[in-house]
Amino acid sequence: MSLANLLKIGQLKEHPVDAAEIARLLTAAERGLADARATTISPETRFDAAYRAITQIGLAALMAQGYRPDTNRPGHHVTIIQTLALTLGVEGRRVTVLDTLRRKRNLADYSGEDIDEASVTECIEQAERLLREARGRIGKSR
């Protein structure tokens, strides 16, 4: 599926490209990653900070293409993650990993499931990698 098709079915909305807005999202993702690395806080909070960084990076990547998810519809986090293949060239296997992290976040948030340290580490590593890719790719596309 293309970004244009996602627009047609209402998963995305057009959004004017704003370099300052994109830069703020990427800077916020960096702050979230710094929080996620702080081992004096709970694994759940660290995981949540790293996951939020992933969604901020994904949102920045969408915005760099002139879109944003329709947050009035359910599933906008799924949309952000699935479009990473189109916006940053993330391979399918990694999109699956990122979606698994999304599901873990939902379980923690909505049913109180514990987050293990391995999941925290994976989430931080995925967010760091995405941030590097976004900085390289978004910078080249503008």
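This text goes with the structure placed above it.
Values in this document were obtained by computation on a predicted structure and should not be read as measured data.

Participant: Whenever I open this one, the overall build of the protein confuses me. Can you help?
Facilitator: Looking only at helices and strands, the protein features seven helices and two strands. Start at the N end of the protein and walk to the C end: the helices and strands fall as α-β-α-α-β-α-α-α-α. Rg of the C-alpha trace for the protein: 15 Å, near the compact-globule value of 14 Å for 142 residues, within the 12% margin. Taken over 142 residues, the protein has a buried fraction of 44%. Considering only contacts in the protein between residues 6 or more positions apart, those separated by 24 or more positions represent 74%.

Participant: Is there a simple way to think about the pattern of salt bridges in this case?
Facilitator: Should the charged atoms of two oppositely charged side chains come close, the side chains can pair. Within this structure, the stated rule accounts for eleven salt bridges. Linking Glu133 and Arg94 is a salt bridge whose minimum nitrogen-to-oxygen distance equals 2.8 Å. Here Arg94 lies in helix 6 (residues 92-111) and Glu133 lies in helix 7 (residues 117-141), a separation of 39 residues in the sequence. Residue class for Glu133 comes out partly exposed when judged on its relative accessible area of 25%. Judged by its relative accessible area of 4%, Arg94 falls in the buried class. Notably, a salt bridge pairs Arg103 with Asp99, separated by 3.4 Å at the nearest N-O pair. Here Arg103 pairs with Asp99, and both are found in helix 6, just four residues apart, close to one helical turn. One salt-bridge network, held together by shared partners, links Glu91, Arg94, Arg129 and Glu133.

Parameters at a glance
Residues numbered from 1 in each chain as written. Predicted model: local features only at pLDDT ≥ 70, side-chain atom pairs only at ≥ 80, totals over all residues. Heavy atoms only, no water. Helix = DSSP H or I, 4+ residues; strand = E, 2+ residues; numbered from the N terminus. Rg over C-alpha atoms; globule rule 2.2 N^0.38 Å. Buried < 20%, exposed > 50% of the residue type's maximum accessible area, 1.4 Å probe, protein only. Contact = heavy atoms within 4.5 Å. Salt bridge = Lys/Arg side-chain N within 4 Å of Asp/Glu carboxyl O.

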